[in-house]
Amino acid sequence: MDSPTGGRPIIALRGVSKTYKRDTIEVPVLAQLDLDVAEGEFLALMGPSGSGKSTILNLVSGIDSPTAGRVVVAGVDLGSLDQAALAAFRARHVGFIFQSYNLIPVLTAFQNVELPLLLTGLDRRQRKQHVLDVLGIVGLHGRSEHYPRQLSGGQEQRVAIARAIVSDPSLLVADEPTGDLDAASATEILDLLGRLNREFGKSVVMVTHDPRAAERAHRVLHLDKGVLVESVQRDRP
Amino acid sequence: MTRFVPFILRSTLRNKRRTVLTILSLVISLFLFCTLRTVITSLASSLESASTARLITRRSTSLTFMMPASYRDRLAQIPGVEDAAYMTWFGGVYIDERNFFAQFAVDPVRYLAMYPEYRLTPEEKDTFRRERTACIIGEKLAQKYGFKKGDRITLRGTIFQGIWDFTVCGIALPATPDLDTNWLLFNGEYLNQRMDDFGQVGTFVLKLKDPSRAGDIARIVDATFANSAAETKTETEKAFQLGFISMLGNIQAVIYALGSAIVIAIGLVSMNTMMMAARERTREIAVLKALGFNDRTVVGLVLAESLLITLVGGLLGAGLARLVFTFSNFTGGGFFQQFRVTDGTLAQAMGIALFLGLVSGLAPAWNAARLRIVDALRHSG
Ligand SMILES: Nc1ncnc2c1ncn2[C@@H]1O[C@H](COP(=O)(O)OP(=O)(O)OP(=O)(O)O)[C@@H](O)[C@H]1O
Ligand SMILES: [Mg+2]
C-alpha cells in the first residue's frame, strides 16, 4: 500500500461507499472512494458544502462505518471492531478537533484535557504531568484552572487541541478547526497544527473551506460529487 | 473508578437549582416514608410488650357490648385461671376531645395485682382500694399534663354520661421503658354505683398459671359461656391489642398505599430530572464517546449521577427523620409509647433511594448507550 508521498500509510480507504437513508430515500455521498494518507502527512480536504468531507473524517476516526469498502487506520481494519473496540481504538489512535471546540463547560481547562487520560492506567500524578505538558505545548500554561467560558475562542480551540494530543494519538482529525475563529486566532491554530505535525510527527487530516488554511498542508484534496481530485502537492520538509 | 468522581460531581452540580430541588423532593418524600413506616413499627413494638400470660375476655359480638360482672366468679374457677378482674373502657373527655388518653374503670381489689409491671407503693394501692373517687395515672400522662398526687381530674363521660371527678392517689412507674403509661385507672365500684348498680363490665383480664396453655384456656372460657345471653371471645392480651388497633381502621394498608404513592410520585420527579439533564447533554455524551469512552463507561457515568442525587436525598431524608424523632420525644399526642425510626426503616428508605436512582437513570443511560456520535455531533457543528 504505497501512498503518493511515500512512507507507511496511516490511513487507507479502499472502495469506500457511504449512502445515507432518509426515510425511504437513499442519499449517496461517497462512491467507490480510495484514499491513502501517509504517516506524518498533513492533508487538507476541501470541497463544497455537502460533498462528504465530514463523512470521510467520521469514517477514518471510527465514529461512523461505510456502507461498503474497507477502512484501515494505523494498521487496524475498523470493519472488524465492535463498539467497545472502536472506542478503544479512538482513545488510542485518534485526536479530535472540532469547529466548535466541544469542551465540557462545567470542567476547567485542566479537567477537559484530562478526560482522555481517565481511560488510561495512569495515576493522578502522571495524569497531571501529562496535562500540564500539553497545556504548555499549546501555550496555555497559566490557564489550567479557567473554565471554557473564561477563555477566548482561540484559547478554547487550543484547549481542545491539548485534549486531542494528551493521550499521544498518531492521527489528528480536524473538521474546520478555524471555522469559528478570527484571522489572528486562526493563524495561531494553524501554526500549532503545523508544529504538531513537524515536531511531534502527528499525521493530520484537516477539512477546511479556507484556502489559506489549506496552504499549510502537504497535500490538498478536493472532494466534489464523490470524487477526490488532488490539487496541490508540496514536498515535505 | 474514583478518578471519575470529580467529573460526576461537576455534572451533577451543573444545574444547581434543579439538582437541589430534586434532592429536596427526595428528602421530603423519604422523610415522610420513614415517618409512615415508623407508625407501623411503633404499633408493632407496643404489641411486643403486651403479655401472653394474660387473657382478655370480652363479648363475642363487639367490644362495645358489656357483660355481667358476675361472670368473674365463674371465670376464676376455670382450671388454669389464677385470678380474674374486670376492666371497663370509660371513654371520657378531659377538657377537650383532643386530649385523648385511655381510661378504665377497674376491679379495685384484684386488678392492680395482675399488672405488677406498673410499680405503685402499698399505700397508693391501699388508697385506691378504699377511696371511691380515687384514680391512678401512668407516669407519661402525669408528665404530659403535670398531674401530681392529690390533684383533681374532671372527665366528661361520653359512654357514661355526666361529669366525673377523680383524685389522683398514685402515679404508676413502668418497670421497663417500652411500657405504655399514658392512661388513667379508677375504682370500678364508683362507676357501678353511679350507674345504679347496673352490674355490667366491658372486659375481664385473666391471669394464667401457665402461659403456654393460653390457647386451651381461652377455648374453655368461651365454651363456658356459649349459648348464654352474653357469649364471650377470649384471646391473649397481645391478640386483643392487635384487634383493637385494627379496629382503628386498616392503618397498615392505608400507610402502605400512601407510602407507595409517595415513592411513585417522587420516582417520576427524579426520572424527569435525569431525562432533562441527559437530554441537554446529548452532545457532551457524544464528545465523550468520540474521545474513546465506551458505552459501558458512559452508562456508568449517567447512572452514577442519578444515584448520587437519590442517595444523597435518601440519606438526608432518612437521617433527618431519625434525628427529629429521636430528639423531639414525639409520641403523637401519647398515641405511641415511643416513636423511633428503626434501623430497618432507614435501610428500607435507602433501598428505595437506590431503586429510584437506578430506575430514573435507566432511560437516560440507555439513550446514552444507543446514541450515535455522528448524529449528535452533526447539528450546530
Ligand atoms: N446522518 C445523516 N443522515 C442523512 N444524511 C446525512 C447524514 N450525514 C450527512 N448526510 C448528508 O450527507 C452529505 C454529506 O455530508 P457531510 O457532512 O459529509 O458534508 P460536508 O462536506 O462535511 O459539508 P459541510 O462543508 O457543509 O460541512 C450531505 O448531503 C448531508 O446532508
Ligand atoms: Mg462538514
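Structure first, text after, so check above.
Residues numbered from 1 in each chain as written. Chains lettered and ligands numbered in written order. Predicted model: local features only at pLDDT ≥ 70, side-chain atom pairs only at ≥ 80, totals over all residues. Heavy atoms only, no water.

1. Digging into the sheet that holds strand 2 (residues 25–38) of chain A
Residues and elements named next belong to chain A.
- One open sheet accounts for four strands, arranged 2-1-4-5; its pairing is antiparallel. The open sheet has two free edges, formed respectively by strand 2 and strand 5 (76–77), since each of these has just one partner strand.
- The pairing of strand 4 (residues 68–73) with strand 5 spans two bridges and is antiparallel. Across the sheet, V72 pairs through a bridge with D77, a residue of strand 5. (Pairing = 2+ DSSP bridges. Helix = DSSP H or I, 4+ residues; strand = E, 2+ residues; numbered from the N terminus.)

2. Quick word on the site of ligand 1
- Surrounding ligand 1, one finds 15 residues, the nearest of these being S49, G50, K53, S54 and T55 of chain A.
- Mapping the residues adjacent to ligand 1 onto the chains of the assembly identifies chains A and B.
- Residue K53 of chain A places a side-chain N or O atom 2.7 Å away from an oxygen atom belonging to ligand 1.
- Contact distances for ligand 1 include 3.4 Å between a nitrogen atom and a side-chain N or O atom of D375 of chain B. (Near = heavy atom within 4 Å. Polar contact = N/O pair within 3.5 Å; in protein donor to acceptor, adjacent residues only side chain to side chain.)

3. A closer look at the interface of chain B and chain A
- Taken together, the contacts link 24 residues of chain B with 30 residues of chain A.
- Summing both sides of the interface, chain B and chain A together bury roughly 2300 Å²; the carbon and sulfur share of this comes to 61%.
- On the chain B side of the interface with chain A, the three residues burying the most area are R3, R10 and L291 of chain B, jointly 30% of the side's total.
- R372 of chain B is paired through a salt bridge with D64 of chain A; the nearest N and O atoms lie 3.8 Å apart.
- The interface formed by chain B and chain A includes nine residue pairs in polar contact (both at pLDDT 80 or more).
- Breaking the side of chain B that touches chain A down by element, the ones donating at least two residues are helix 1 (5–12), helix 11 (282–290), helix 12 (295–327) and helix 14 (373–378) of chain B.
- Per-element accounting of the side of chain B that touches chain A gives the leading share, six residues, to helix 11 of chain B.
- Each residue belonging to the side of chain B that touches chain A can be placed in one class, and the counts come to eleven nonpolar, five polar and eight charged. (Contact = heavy atoms within 4.5 Å. Buried area = accessible area lost by both parts, 1.4 Å probe. Salt bridge = Lys/Arg side-chain N within 4 Å of Asp/Glu carboxyl O. Nonpolar A, V, L, I, M, F, W, Y, C, P; charged D, E, K, R; others polar.)

4. A few points about the packing of helix 1 of chain B against helix 12 of chain B
All names here are of chain B.
- In contact at an axis separation of 10 Å, helix 1 and helix 12 are set at 60° when each is read in the N-to-C sense. With respect to their mutual orientation, helix 1 and helix 12 come out oblique. Handedness of the crossing formed by helix 1 with helix 12: right-handed. Of the residues in helix 12, those in contact with F7, I8, L9, S11 and T12 of helix 1 are L301, A304, E305, L308 and I309.
- Across the contact of helix 1 with helix 12, the residue classes break down as seven nonpolar, two polar and one charged. (Axes fitted to C-alpha atoms, helices over the stretch in contact; angles between N-to-C directions. Parallel < 35°, antiparallel > 145°, perpendicular 65-115°, else oblique. Left-handed = near helix turned anticlockwise from the far one by under 90°.)

5. Some thoughts on helix 1 of chain B
- Residues F7, I8, S11 and T12 of chain B constitute the buried set of helix 1 of chain B. Down the axis of helix 1 of chain B, the buried side of the element spans an arc of 130°, and every buried residue falls inside it. (Buried < 20%, exposed > 50% of the residue type's maximum accessible area, 1.4 Å probe, protein only. Arc of directions from axis to C-beta.)

6. Section: the pairing of strand 1 (residues 9–22) of chain A
All names here are of chain A.
- Pairing geometry for strand 1 and strand 2, over ten bridges, is antiparallel. When the sheet's bridge partners are listed, P9 is paired in strand 2 with A38.
- Counted between consecutive antiparallel strands, the loop separating strand 1 from strand 2 contains two residues, among which D23 sits at a positive phi close to 55°.
- Sheet topology places strand 1 next to strand 4; five bridges connect them, and they run antiparallel. Along strand 4, the bridge assignment pairs S17 with A68.

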